[in-house]
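# Observations on chain architecture
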Amino acid sequence: VAMELEDSLFPLLREVSIGIDPFEIFQDAEWALLIGAKPRGPGMERADLLDINGQIFAAQGKALNAVASRNVKVMVVGNPCNTNALICMKNAPNIPAKNFHALTRLDENRAKCQVPDFLNARINGLPVKEVINDIKWLEEEFMEKVQKRGGALIQKWGRSSAASTAVSIVDGIRSLVTPTPEGDWFSSGVYTNGNPYGIAEDIVFSMPCTSKGDGDYELVKDVIIDDYLRKRIKKTEAELLAEKRCVAHLTGEGIAVCDLPEDTMLPGEM
C-alpha cells in the first residue's frame, strides 16, 4: 500500500511512515483515519466481534489522547464504526468529543446514486415524494437496497468495498474542510449530546451536518422527520444503545451486558 501511495504521486503526500506502535505513529497527528477492523468470521458472535474490535479502538484512543494534537480530528471507518468511534472517544478524554466521526458518508453516497434523502431532498425544485409517488418503493425497496449494498458487493467481489469506501472518506474530510453550500448538508456519525432530534445522548449517530470549512461542524436543525423516519431512527438507536452496553468494559462504564436486540451486523458482512 505504501508503495502504491508513493507511485500515485499525490501532490500533498510527503512521506509514508509504517509502524506498529500507535504512540509513535499518532505523534502530533492532526487527522487520524482509523480504517482497520477485524471482519466477522464464521460462527463468530456479534458480542465477540464488538469486544475484539473495541479493544483495537480503545488502544488507539489512548494513544491519540497521549500524543496526538489536542485538536486532532478522528474518522473511524472500521465496523461497527459508530460504536468503535464511541469507544475511541471515551478513551481519549482530553480530545473534544465533537472531534470524533464515524464514517456514514458511504451510505449517503450509496443512497444518492439511486435517490437522495426522500424526505428533505428536491427534484427540479419539487419534493421527492411529489415526483416519485411510489412511497412503498421509497420506504422498502430503496432503503433495503442501500442497506444491503455492501453485502451485494461482498458477494460479487469476495471482499469489502475498497475504492468506494476510500472515496467516501475523502468526501467526508472534504466536507469538513470546505464550506457547505447554502441549503446543503452532509452525513457524519457524531456524538449525540445536545442534538435537536430527540436521539438518545452519549452515543455516536449519523446526523446531518454543515461546516464552515474549519474542520468543525454544526447540526442542521430544520430537518423533516416523519413517523416512518422516526421509527427507523428509534430502531437504530436501540441497536446502538445495546452495543454500548456490550462494550461498557471498554468505555470505563462498568461491566458489559450484551443484550443485543437482534443481530446488528450489516447484511453481507459475515
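Residues numbered from 1 in each chain as written. Predicted model: local features only at pLDDT ≥ 70, side-chain atom pairs only at ≥ 80, totals over all residues. Heavy atoms only, no water.

### Some points on the overall build of the protein chain
- A tally of helices and strands in the protein chain yields eleven helices and eight strands.
- Along the longest, intermediate and shortest principal axes, the C-alpha atoms of the protein chain span 55 × 45 × 40 Å.
- Expressed as a percentage of the 270 residues in the protein chain, the buried residues total 42%.
- The long-range share in the protein chain, meaning contacts at least 24 apart out of those at least 6 apart in sequence, stands at 64%.
- Here the protein chain displays about 15000 Å² of accessible surface, and carbon together with sulfur accounts for 55% of that area.
- Between the mean site of the 30 positive side-chain charges and the mean site of the 39 negative ones, the protein chain shows a separation of 2 Å. (Helix = DSSP H or I, 4+ residues; strand = E, 2+ residues; numbered from the N terminus. Buried < 20%, exposed > 50% of the residue type's maximum accessible area, 1.4 Å probe, protein only. Contact = heavy atoms within 4.5 Å. Areas by Shrake-Rupley, 256 points an atom, 1.4 Å probe, with all protein chains shown as cover. Lys, Arg positive; Asp, Glu negative; His and termini not counted. Charge placed at Lys NZ, Arg CZ, Asp CG, Glu CD.)

### Structural notes on the UniProt feature "binding site: substrate" (unreviewed entry) in the protein chain
- Per the UniProt annotation, the sites labelled "binding site: substrate" (unreviewed entry) are R40, R46, N79 and R110.
- Among the structural elements, R46 can be located in helix α3 (residues 46–67).
- Residue class for R46 comes out buried when judged on its relative accessible area of 7%.
- Within the fold, N79 resides in the loop between β2 (73–76) and α4 (81–90). (UniProt positions renumbered as here; feature names shortened; annotations may be inferred.)

### A look at the nonpolar core
- Judged by nonpolar contacts, the single largest core of 29 residues is most densely connected at L34, L64 and V74.
- Counting only elements with at least two residues in this core, the list comes to β1 (31–34), α3, β2, α4 and β3 (100–102).
- In contact with L64, not counting residues within four places along its chain, are F26, A32, L34, R70, V74, C88 and I95.
- Among the nonpolar cores identified, the runner-up in size contains 19 residues, and Y197, M207, C209 and L240 belong to it. (Core = buried A, V, L, I, M, F, W, Y, C linked by side-chain atoms within 4.5 Å.)

### Some remarks on the pattern of salt bridges
- Counted under the stated rule, the structure contains twelve salt bridges.
- Notably, a salt bridge pairs E253 with K90, separated by 3.2 Å at the nearest N-O pair. With a gap of 163 residues between them, E253 in the segment after α11 (248–251) and K90 in helix α4 connect regions that are remote in the sequence.
- The exposure class of K90 is partly exposed, given its relative accessible area of 24%.
- Through salt bridges with shared partners, a single ionic network connects K90, D202, K244 and E253. (Salt bridge = Lys/Arg side-chain N within 4 Å of Asp/Glu carboxyl O.)

### Things to note about the state of the cysteines
- Under the defined criterion, the tally for this structure stands at one disulfide.
- Residue pairing for C246: its cysteine sulfur links by disulfide to C258, the two sulfurs lying 1.9 Å apart. Of note, the bridge from C246 to C258 carries an S-S torsion of about 85° and is right-handed in sense. Of this pair, C246 sits in helix α10 (residues 227–246) while C258 sits in the segment after α11, placing them twelve residues apart in sequence. (Disulfide = S-S within 2.5 Å.)

### A closer look at the pairing of β1
- Alternating residues of β1 divide into A32 and L34, all buried, and W31 and L33, none buried.
- Relative to β2, β1 runs parallel, the two sharing four bridges. Bridging across to β2, W31 finds its partner in K73. (Pairing = 2+ DSSP bridges.)

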